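Residue strings, one per chain:
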Amino acid sequence: MMDDLQEMGPVDYLCLEFPPGSQPGQGLPHIVSLVDRGIIRVLDLRFLRKNADGTVNELVGEQLDTGLALFQGAASGMIGGDDLEEAAAVLEPGSAAALIVYENVWAAPFAVAVRRAGGRVIAGGRIPVQSLLAALDATESEFVRS
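The protein has the name DUF6325 family protein in an unreviewed UniProt entry, where Paractinoplanes rhizophilus is given as its organism.

**A look at the pattern of salt bridges**
Inspection of every chain in the model, using the stated rule, returns four salt bridges. We note a salt bridge from E58 to R46, for which the minimum N-O separation is 2.4 Å. Placement of the pair is E58 in strand β3 (residues 56-59) and R46 in strand β2 (residues 41-50), with a sequence separation of 12 residues. On the accessibility criterion, E58 (30% relative accessible area) is partly exposed.

**Examining the environment of V101**
Summarising the element assignment, V101 is placed in strand β4 (residues 96-103). Separated by 26 residues in sequence, V101 and A75 have C-alpha atoms that sit 9.4 Å apart. In this structure, V101 is in contact with V11, D12, Y13, R41, V42, L43, D44, M78 and I79, ignoring residues within four places of it in sequence.

**Remarks on the pairing of β3**
Direction of pairing for β2 relative to β3: antiparallel, over a ladder of four bridges. Note that in β3 the partner of F47 across the bridge is L59. Connecting β2 to the antiparallel partner β3 that follows it, the hairpin turn spans five residues, and G54 within it adopts a positive phi of roughly 95 degrees.

Conventions and cut-offs
Residues numbered from 1 in each chain as written. Predicted model: local features only at pLDDT ≥ 70, side-chain atom pairs only at ≥ 80, totals over all residues. Heavy atoms only, no water. Salt bridge = Lys/Arg side-chain N within 4 Å of Asp/Glu carboxyl O. Helix = DSSP H or I, 4+ residues; strand = E, 2+ residues; numbered from the N terminus. Buried < 20%, exposed > 50% of the residue type's maximum accessible area, 1.4 Å probe, protein only. Contact = heavy atoms within 4.5 Å. Pairing = 2+ DSSP bridges.

Right under this line is the structure:
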């Protein structure tokens, strides 16, 4: 098991919210394409729905859109009950969520080379698109004033 982990690329997670009326299946072909091309490997995928009264259900099997059921077997156990509770706490009533843990297969050769050279990743993160747009707007405003 440890040898397998040494050969893996970086692992990321996302929690995606789908408000009432949204179409969660629209992104599915893109995930399938990334998997088919060997760019990512889905390790865990779970689905939630927060009802109008605030109760939360995990969606499984026949409750899922047929396209989403494609990933039903992706259950590494990396997404635990506490993760589901955190996601449920921030969901708006009537919304659904997908929690996904995936390996960045494309980065595995680089990560393996770094580990074999004695290096290690000591931090990582993701910058939300909204933050990038805000930073660009601020930079543009500053540039215009100069």
